[in-house]
Amino acid sequence: MRTITKMTLGACAATLAMAWALPAMAEQAAAPATQDAAPKDNSVLSGEIVVTAQKRSENVQNVGIAITAYSGSQLRALGIAKSADVASFSPGVFISGSLAGQNTQFTIRGVTQNDFNDIVEAPNAVYLDEGYIAIAQGQSFAVFDIDRVEVLKGPQGTLFGRNATGGLIHYISHLPSLKKWEGYADARYGILDSTSNPGVFTLEGAVGGPVSDKVAVRASGRWNKAQPYLKNLYPLGAVGGSPGAGAGADLGNDDTLSGRFTVLVEPSSTTQLILSANGSRSKVSTGPYTQKATIAQFDQNGELVNVLDVGPNETRASIGVAGAPRVVNGDAGSDLNNDGVFGGAGEIYGRAPGADFFGYKAPNPATRTFSSDFAFKNQGHVDTWGVNLRAKTELTDSITLSSITDYKNFKKLLFIDVDAGPANQLANYGNVDANSFTQELRLNGKASKLNWTAGVYFLHIDNLSKNGLKAPLNGLVPGNPIDIASTAHLKTTSYSGFGQVDYDVTDQIKVIVGGRIISEHKDYNFIQQLFVSPDPNVVQPAQTAPGFPLTIGPIYPGGVPSPYLDKDSKTLWAGKVQVEYRPARGTLLYAGINRGVKAGSYNAQLNGGLATPDSAIKYGAETLWSYEGGFKLSMLDNKVRLNGAVYYYDYKNYQSFLFTGVAGLVINADARTYGGEISLQANPMRGLDLALSFSDFNALVKNVPLRVGGPIRKDLKPTYAPETQASGIIRYGWDMFGGEMAANANVSYSSSFFYNLRNFDADKFGGYANVDLGLGWTSASKMLEVGVRVDNVTNHLIGLQGYDLAGLCGCNEVSYKPPRTFSIHTRVNF
């Protein structure tokens, strides 16, 4: 066990012991002040936050779950504009994903899934207004007109309908007001500290109010327009011809327009209906990856055992052991043929010193410059829309019936340059057309000592995913232009019943028991084909060439020329047992056991590499046994809140993404994690807010093969899972110019993390600390706000996502968060 983990667990245990030993102190500290009311407070982080983590409204400090929650005004004060931004201020939460940040997914306490194919569901669920976002790559969206966000850590599958093995993030939008018309308009403009000083403009607004005494409406929207921040030097280092008109564009542009319309109906004091429709469309460039030169290393058996960063004088294509097959003068050669075999006929030996296979040396990424041929402006798009209906009625004084109906449609077509360089080799595309429908019926009841919840849940997902490699026109791949396509059609239908009972054994002790039983059905169709495809912006076009599309089977190269077909049905269950103890007012201690589960599914691997057996396409359900204890202390009239938790996770058949060659497969491997986290929010004086958090864990995935069917490498770290994270927020507000002036600083730290499960040396981003600063003024009436902000003050190069392609191009493609950004904003509330 590492020292820092011992310190974390020890600190949490010591605080927990203090809470047990000093209940009287906590009760005295929590007692309300009796003196006259204090003058106006300029705090934004203090005050009660009500959450619905247990399907009923409760103060976050009264819920025995590790929760990070922020109100809409707090999100605005922290500068959170995208769904993924909340991870920076939530201990133990991080971001994974693909496509250089154009798609993101959440990692919670090391629980992650970074398969880039869109048929995958994430182990950390994301909900918007109680509607499940079924497409893992759909977890990235604009955050606007949000009432609050709740981040729940640990298995939540008892009460939430889908795939909350590691936890969930729930975004709740603002409701219309039945009392008055209100709204806001917010505009901001920023300049990125990059070569061409690109700009980013955001306009957001909302308006709503009553149209009668029982009906209210609200419309909200957001438009973000960003210029590219990566300067393309193409045709510097070009190998092969241009892949098409417009190639070599600068990357990182974004044009996203989102909107939501909500109708609130309250026909009586006991019934409420909320109907909302939302939509979004994004136009983006090719994924903004750059690259670094890397080199594969083989052992005496010809097995790939490591990948290293290339030194400035390195001239081998890869590192081999003398006497091993196909090794020449210590050089094991390349895998340009993309068949998983290094060296031999058709492969190259040697490289220019310090370069990739094609002689390209990428500029220092801190310059935000690169050279890439397959780089196009507005090449990709993401379009989503959905309808959500929430209905609630009080059947009796103690029983409430709720219905949540949700439909979502998700379409995308996004591209990346596989080698992220100027050689016209391969591109990758992700194309999906998916829709999901969910229906939940739930009863909530209460008695003198009892709260209970019971319900049923239905889910249907119809997902057509086209993921493939594109060998562009005028390129280096023989037979170009072609799409080497993997097409997967997965239909998932799930039924479940759930319930939870909270019973007050005494005034201080509560016992919670809950469970869910799930019936899961899947229907899968997978095929791999070749298409003639001359247009870099079109995938799998209608074919006019004789014999195309050419079916190549699910095993490449070779294999039977037929699709992979399968149906599967499973019964799964999740459960929870927890004890809560409240020794004094403002003190909550809890300990519990959770069983989380995520259904098995299917791979839809890209073509290439060593042959993949049919048996590896299907993978099994994962099961997590979580053992967790924690505390929540509220003191000094709720001006100080100290929360902590320790946990141990025992995973069976953990679904982990193993990326080799140019493709990846989800495999089942056991895993375990232990760790702890602690957070402090305080309002120690008028106008001063402090929020500090720290998390640390040790996570291992056991018995991972270096490739499917290959030798085992034990005890590897999960991807996108920095073991140590910390954040600090300080904000001070004071009266000035007839209103309030406020200054804030946000600091976040992350330790290093791997982006490939094999944990090779080159497949790792270093740790970093990020600092954001802001200064703003709000009028006394709260109608006008103006401010300035600097994000990433130190202009640190912060690693985001990467892929190991050492055999294909002698490089890894890597991406980084945007550079330092200066922005101004103004907001009018009415």
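Figured I'd write up the structure that's included with this text. Computed from a predicted model, the values in this text were never measured in an experiment.

The rules behind these values
Residues numbered from 1 in each chain as written. Predicted model: local features only at pLDDT ≥ 70, side-chain atom pairs only at ≥ 80, totals over all residues. Heavy atoms only, no water. Core = buried A, V, L, I, M, F, W, Y, C linked by side-chain atoms within 4.5 Å. Buried < 20%, exposed > 50% of the residue type's maximum accessible area, 1.4 Å probe, protein only. Helix = DSSP H or I, 4+ residues; strand = E, 2+ residues; numbered from the N terminus. Salt bridge = Lys/Arg side-chain N within 4 Å of Asp/Glu carboxyl O. Pairing = 2+ DSSP bridges. Patch = residues over 30% accessible without salt bridge, like charges linked within 9 Å, V, L, I, M, F, W, Y side chains within 5 Å. Areas by Shrake-Rupley, 256 points an atom, 1.4 Å probe, with all protein chains shown as cover.

Regarding the nonpolar core
Then, in step 1: Counting residues in each nonpolar core, the largest one holds 39 residues, and the members touching the most others are L426 and L469.
Then, in step 2: Elements that contribute at least two residues to this core include exactly strand 21 (399-417), strand 22 (427-446), strand 23 (450-471), strand 24 (482-504), strand 32 (640-660), strand 33 (663-685) and strand 43 (799-805).
Then, in step 3: For this core, the element with the most residues is strand 21, which contributes three residues.

Focus on unusual backbone geometry
Then, in step 1: Note the cis peptide between Y234 and P235, where omega equals 20 degrees.
Then, in step 2: Tracing the backbone through its elements, the reader meets P235 in the loop between strand 13 (231-232) and strand 14 (254-268).
Then, in step 3: The phi angle at R326 is positive, at roughly 65 degrees, despite the residue not being glycine.
Then, in step 4: The topology assignment puts R326 in the loop between strand 18 (318-319) and strand 19 (369-370).
Then, in step 5: Residue classification places R326 among the partly exposed positions, given a relative accessible area of 42%.
Then, in step 6: The phi angle at N338 is positive, at roughly 60 degrees, despite the residue not being glycine.
Then, in step 7: Structurally, N338 is set in the loop between strand 18 and strand 19.
Then, in step 8: Residue N338 is classed as buried on the basis of its relative accessible area, which comes to 10%.

Examining the pattern of salt bridges
Then, in step 1: A complete count under the given rule lists 38 salt bridges for this structure.
Then, in step 2: The closest approach of N and O atoms between E58 and R56, which form a salt bridge, is 3.5 Å. The same class applies to E58 and to R56, which are both buried.
Then, in step 3: For the salt bridge of K618 with D566, the shortest nitrogen-to-oxygen distance reads 3.3 Å. Placement of the pair is K618 in strand 30 (residues 618-619) and D566 in strand 27 (residues 564-581), with a sequence separation of 52 residues.
Then, in step 4: Using a relative accessible area of 33% as the deciding quantity, one classes K618 as partly exposed.
Then, in step 5: Shared partners join several salt bridges into a network, and the residues in it are K55, E130, E440 and R442.

Topic: the pairing of strand 37 (residues 724-736)
Then, in step 1: Pairing between strand 34 (residues 688-701) and strand 37: nine bridges, direction antiparallel. In the sheet register, S695 faces strand 37, and the bridge partner there is Q725.
Then, in step 2: Pairing of strand 37 with strand 38 (residues 739-750), which is carried by twelve bridges, proceeds in the antiparallel orientation. Among the inter-strand pairings, I729 is bridged to a residue of strand 38, identified as N746.
Then, in step 3: Hairpin connection of strand 37 to strand 38: two residues between the antiparallel strands, including F737 at a positive phi of 55 degrees.

Some words on the sheet that holds strand 8 (residues 146-153)
Then, in step 1: Read from one edge of the open sheet, five strands run 3-8-9-6-7, paired in mixed fashion. Each edge of the sheet is formed by a strand with only one pairing partner; in this case those strands are strand 3 (66-71) and strand 7 (131-132).
Then, in step 2: Here seven bridges tie strand 8 to strand 9 (residues 167-173), and the two strands are oriented antiparallel to one another. In the strand pairing of strand 9, V149 is matched with Y171.

Quick word on a nonpolar patch on the surface
Then, in step 1: A cluster of nonpolar side chains, contributed by W181, V207, V211, M783, L784, V786, V828 and F830, occupies part of the molecular surface with about 710 Å² of accessible area.
Then, in step 2: Among the structural elements, M783 can be located in the loop between strand 41 (768-779) and strand 42 (784-791).
Then, in step 3: Judged by relative accessible area, which is 44%, M783 ranks as partly exposed.

Describing the pairing of strand 17 (residues 304-309)
Then, in step 1: With five bridges joining them, strand 16 (residues 290-298) and strand 17 adopt antiparallel strand pairing. Bridging across to strand 17, Q297 finds its partner in N306.
Then, in step 2: Following strand 16, the chain reverses through five residues before pairing antiparallel with strand 17; G302 in that reversal takes a positive phi of roughly 75 degrees.

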